[in-house]
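The primary structure of each chain is shown beneath.
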Amino acid sequence: MTDQSLPLAGIRVVDLTVVWSGPGSTALLGDLGAEVIRVEGNNRVSRQASAKLTNAGVANAGWSRNSYPDGKPEPRPYDRTALFNWHARNKLAACMNLETPEGHEAALKLIAISDVLVENNTNGVLEKLGLGHETLLELNPRLIVARMPPLGMTGPMSNYLGYGPNFNSLVGIAAMDGYEGEPPDSAGENYHMDESAPAALAFAVLAALWDREATGRGGLVEVAQAENVMQDIGEFFLDFQMNHRLPQVLGNTDPGLLQDAFRAAEDDRWVVVSIRDDRDWAAFAGVVGGVVSSVVGSVVGEADWLDRGRTAADRRTNSRALRDGIAAWCAGLPSDEIVARLQEARVPAGEVMSELRLLADRHLAERGWFKERTHPAVGTYRYPGHPWRADGFDLAYGRPLPGFGQDNEYVYKQLLGYDDETYDDLVARRLITEEQFA
Amino acid sequence: MPHAPEVNGRQVFTGLRVVDLSRWVAGEYATKLFADFGADVVKVEKPGSGSRSRHWALVPGEQPDPEANPLFLHLNTNKRSIAVDLHSAEGVELVKRLIARSDAVIESFRPGHLERLGLGPDVLRESNPRLVVTRISPFGQSGPYRDREATGIVLQAAGGPMNATGDAHRAPQRKPGLLEQYTIGRTAGEATLAGLYHARRTGTGSTIDVSGQEVLLSSADRRASYLVTAAYSGVNAPRGVRSAHRGQSTFTGPFRAADGFVMIYITNQEFWNRLIRLIGADDEAFRAKFLDRPQLGDDWPAFMSYLKAWFAARPKIQIMEAAEAARIPCTAYLQMDELYDHPHFRGRGAFVTADHPVAGRLDYFGAPWRMRDGFQLRRTAPRLGEHTAEVTAELEMSVVRP
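No experiment lies behind these values; they were computed from the predicted model shown.

Engineer: How should I be thinking about the overall build of chain B in this particular structure?
Structural biologist: Across its full length, chain B holds 16 helices and 11 strands. Counting only C-alpha atoms and orienting by the principal axes, one finds that chain B spans roughly 85 × 60 × 45 Å. The contacts in chain B between residues at least 6 apart in sequence include a share of 66% that link residues at least 24 apart. Split by element, the accessible area of chain B, about 14,100 Å² in all, is 51% carbon and sulfur. Averaged over its 50 positive side-chain charges, chain B has a centre that lies 3 Å from the centre of its 45 negative ones.

Engineer: Which parts of the structure should I look at to understand the sheet that holds strand β9 (residues 330–332) of chain B?
Structural biologist: Within a sheet, each strand pairs with its neighbour through backbone hydrogen bonds, oriented either parallel or antiparallel. Residue and element names in this part refer to chain B. The antiparallel open sheet is built from 3 strands, whose spatial order is β7-β8-β9. Each of the sheet's edge strands pairs with one partner strand only, and the pair in question is β7 (251–257) and β9. Taken pair by pair, the neighbouring strands of this sheet meet at an average axis angle of 20 degrees, ignoring direction. Inspection of the sheet shows β7 paired to strand β8 (residues 260–266) by 7 bridges, in the antiparallel sense. The residue bridging Phe251 from the neighbouring strand is Ile266, located in β8. Most of the contacts of helix α10 (residues 269–279) go to β8, to which it runs at about 135 degrees, and overall it touches β7 and β8. Lying over the sheet, helix α12 (residues 300–312) contacts β7, β8 and β9, oriented at roughly 45 degrees with respect to β7.

Engineer: Please clarify how the interface of chain B and chain A should be interpreted in this entry.
Structural biologist: Much of the literature gives interface size as the accessible area that the parts lose upon coming together. In this complex, chain B contributes 157 residues to the contact, which on the side of chain A involves 162 residues. Carbon and sulfur atoms supply 60% of the area buried between chain B and chain A, which totals about 14,500 Å² over both sides. When the area that chain B buries against chain A is broken down by residue, the three leading residues are Tyr197, Tyr232 and Met336 of chain B, summing to 6%. At the surface where chain B touches chain A, the tally comes to 18 salt bridges. Taken together, the links from chain B to chain A amount to 75 residue pairs in polar contact (both at pLDDT 80 or more). Looking at the side of chain B that touches chain A element by element, the count peaks at 16 residues for helix α7 (residues 179–202) of chain B.

Engineer: Explanation requested: helix α9 (residues 223–233) of chain B in the structure shown.
Structural biologist: Residues spaced three or four apart along an α-helix face the same direction, because each turn holds 3.6 residues. Counting buried positions along α9 of chain B gives 11 out of 11 residues, so the element sits mostly inside the fold. Next to the buried residues of α9 of chain B lie α3 (82–85), α16 (355–359) and β11 (379–383) of chain A together with α6 (152–159) and α8 (212–217) of chain B. A positive phi of about 70 degrees marks Gly234 of chain B, the residue just after α9 of chain B.

Engineer: Looking at this structure, how should I read the side chain of Gln225 of chain A?
Structural biologist: Residue and element names in this part refer to chain A. Assignment of secondary structure puts Gln225 in helix α9 (residues 225–229). Since its relative accessible area comes to 5%, Gln225 is described here as buried. Among residues more than four places away in sequence, those in contact with Gln225 are Ser21, Met148, Pro149, Pro150, Met193 and Ala197.

Engineer: For this particular structure, what's the right way to read the pairing of strand β11 (residues 360–365) of chain B?
Structural biologist: Taken residue by residue, a regular strand's side chains alternate between the two faces of the sheet. All names here are of chain B. Both strand β10 (residues 351–356) and β11 contribute to a ladder of 6 bridges, which runs antiparallel. Each bridged residue has a counterpart across the sheet, and for Ala354 the counterpart in β11 is Leu362. Counting the residues between successive antiparallel strands, the hairpin from β10 to β11 contains 3 residues.

Engineer: Any chance you could explain empty space enclosed by the protein here in plain terms?
Structural biologist: Picture a little ball the size of a water molecule; that probe, rolled over the atoms, points out where space is still empty. This model, assessed by the stated rule, comprises 11 cavities of 30 Å³ or more. Estimated volume of the largest cavity: approximately 170 Å³. What lines the largest cavity is a set of 18 residues, and nearest its centre among them are Leu28 and Pro198 of chain A together with Thr187, Ser218 and Ser219 of chain B. Counting residues per element, the ones that place at least two in the lining of the largest cavity are α1 (21–31) and α8 (192–215) of chain A together with α7 of chain B. The greatest single-element share of the lining of the largest cavity, amounting to 4 residues, is contributed by α8 of chain A.

Engineer: Can you help me understand the environment of Arg170 of chain B in this one?
Structural biologist: Relative to the elements of secondary structure, Arg170 of chain B occurs in the loop between α6 and α7. Spatially, the C-alpha atom of Arg170 of chain B lies 9.0 Å from that of Arg239 of chain B, the residues being 69 residues apart in sequence. Apart from the residues lying within four places of it in its own chain, the contact partners of Arg170 of chain B are Tyr179, Glu182 and Trp270 of chain A together with Arg239 of chain B.

Engineer: Help me out: how do you make sense of the nonpolar core in this one?
Structural biologist: One finds Leu29 of chain A together with Phe13, Phe34 and Trp369 of chain B to be the most contacted residues of the largest nonpolar core, which totals 108 residues. The greatest single-element share of this core, amounting to 14 residues, is contributed by α8 of chain A. Each residue touching Leu29 of chain A, except ones within four places of it in the same chain, is listed here: Leu8, Val13, Ala34, Val36, Val118, Leu201, Ala202 and Val205 of chain A. In this structure, Ala107, Leu131, Leu143 and Tyr418 of chain A belong to the second largest nonpolar core, which totals 28 residues.

Engineer: Hey, could you run me through the sheet that holds strand β1 (residues 17–20) of chain B in this one?
Structural biologist: Ordered by their spatial adjacency, 7 strands build an open sheet running β12(A)-β6(B)-β5(B)-β4(B)-β1(B)-β2(B)-β3(B), and the pairing between neighbours is mixed. Both outer strands of the open sheet, β12 (389–391) of chain A together with β3 (79–83) of chain B, are each paired with one neighbouring strand and no more. Put simply, the sheet's adjacent strands are angled 20 degrees from each other on average, direction ignored. Judged from the 3 bridges that link them, β12 of chain A and strand β6 (residues 206–211) of chain B form a sheet pairing that is antiparallel. Residue Ala390 of chain A lies in a different strand from β6 of chain B, and its bridge partner there is Ile208 of chain B.

About the cut-offs
- Residues numbered from 1 in each chain as written.
- Chains lettered and ligands numbered in written order.
- Predicted model: local features only at pLDDT ≥ 70, side-chain atom pairs only at ≥ 80, totals over all residues.
- Heavy atoms only, no water.
- Helix = DSSP H or I, 4+ residues; strand = E, 2+ residues; numbered from the N terminus.
- Contact = heavy atoms within 4.5 Å.
- Areas by Shrake-Rupley, 256 points an atom, 1.4 Å probe, with all protein chains shown as cover.
- Lys, Arg positive; Asp, Glu negative; His and termini not counted.
- Charge placed at Lys NZ, Arg CZ, Asp CG, Glu CD.
- Pairing = 2+ DSSP bridges.
- Axes fitted to C-alpha atoms, helices over the stretch in contact; angles between N-to-C directions.
- Buried area = accessible area lost by both parts, 1.4 Å probe.
- Salt bridge = Lys/Arg side-chain N within 4 Å of Asp/Glu carboxyl O.
- Polar contact = N/O pair within 3.5 Å; in protein donor to acceptor, adjacent residues only side chain to side chain.
- Buried < 20%, exposed > 50% of the residue type's maximum accessible area, 1.4 Å probe, protein only.
- 1 Å grid on protein atoms, 1.4 Å probe; cavity = no way out; pocket = protein on both sides within 12 Å on 5 of 7 lines; lining within 4 Å.
- Points joined across faces, edges and corners; volume = space filled by probe spheres on them.
- Core = buried A, V, L, I, M, F, W, Y, C linked by side-chain atoms within 4.5 Å.

Right under this line is the structure:
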């Protein structure tokens, strides 16, 4: 089904993932041309949207109703949710109820002719379904079984329940997160573990495929998501051992930079500005200029405030006052003008981009980043593009999502070789459906 | 006795060579992934000062020893370092010869700089058609913002979910540390390996354009789903709303314990009821009032103050263990000292001990994931130019790649 020139053309992935980091991982494999087949039970909510949602029912659900086009989950909410459709590009979907003998048999047949299986269920779920990695590797020794238990498959806390932010807390990220100088419970939401897992999983699967070229063997890949995300603060772990200190809550500041987020003239529009060195400050001072500087200075209470940031030591000592000055300057200007003037002077600055501003952004438009796609269950909309691009090979961006059960016939009849009679019987018994009941 | 890492034969990337021209976190993390899984990663550093990560400061004004900077030590395990002046003809020639004998190059100069050095992808791929050249930049190698200046916070503002992070009536809040750099680096690593896999199958290399902004925009930390939501319904993600995608029936977030903080994630009715039974174990009236309630109304403040008081009276680990026993997602905030001693991670062998000639004996984070012939700490980070003579000699002898 996939373009043969893509890097993972001919590689078939069975996707048993749910929620965020797992599906984000398999999306990356699909981008590379792998045939990613989501195996979904019609009696489960595997796309974060229940079949029972109604337009009226979500009317009072606050912001979350916006996850559905124009706030309308009907019909087929499970095909219409942004919680699924952000990662669903290129994927196929087949209905299989794994706890039934028929679903179990079909799953084993599919796994036997696949290269990779990815799952991020709670420890033990696959084993209960008779699909533990040992069983599967016996069935198909070339299979790569990638499992993503947050705390790993072994160890005293391996069965702990939790979501990404729970494990961010456990590895030390949450303790660093918050407004400058305030306790860490002042932070906003941080889903960094979900952000860090997908590329790790895709890298790990590629590494296992690379290895399989040499050895002919598949095997288990265990991505303990907490142990992956802790890599992202490795410097603090070493610093603690070397210097016996703990990271502090720094908010938008940085030890090596003078920086913060500042309000621009428009309603709830913010910009960030970073001063890296003496040149940046001199350039910033040049942009602000003499007359404006004294106006801002009268707000800050110091006419010569631009003179107080010339050296790194000055910027440390006077950090608060200098940021007050930058804030006063930014408050009078539209965000586009702040960013354009500072970037022209080669000072790092940018708008804190809202989603609607990104959809209208000329840089992303010129790079063709958003992809407009159509699906009958949803209509025509733009979707986030690929995380990277290559000159030398293409990445896939075909169908934006698979409707629930949309690829049943392809999977059962073409891949697994079910005859019409067997297939029709499973359909008649509602074990294969094109709708989700849960 | 010196603690030398135990090295056991073959790893998945044994035989691959990757040249690291980067000088900051994203590129160095991308190449670390290859080095830690067995590739020969040769890091090209500026003579005298070396990589920028040798000069990272955790405290303003601090000037750490460039041979013992925690950031450099973490990011450059298992690599070799050569000190080469890329502004000299000899230096460029040496690097060209090295790259001609390599499988991939990862760089993060400003767009256009590699070409000005005479090391543009076209030049490099002409002498080595299977080569993968991965280019990391804030906004990509094309487009009107290609040449914009960026720091981590500028990247988070352009790509990350920063606009939706923080309190509704306060400034947007970036994520801490250098987290965005790692995300970009890990993705650049994945892209490079995809290019290598493609080259292995087809014999053809590639040039890969990694825009930090686009990496962050496509991310699972909700930015991508917020973008789909905006496309579907024409609204931005809200700031100051926890778990916005999940709606009002759930509540999540940090709470103050007697000795720190805990993070709780109540995302369904079952978790809710378990929580009510746990904190109301000795309070029948409380249980009667709050069990089976899909949503609270005017009694929300009363519930919250009860909950806060319950948490505030108990130590964080005790809360976490009680919550887990009741199967409620609720974990303690740990700090580096607590992580260092943690029985779960220690017990799993998540840390690896090794000696460094300047920094001494330290525990490093070990395997980011586990697989056959996977992660090993073969050697700690190199000193600046430690392998210049060795690598130069290998090239002069035209040693064929292992």
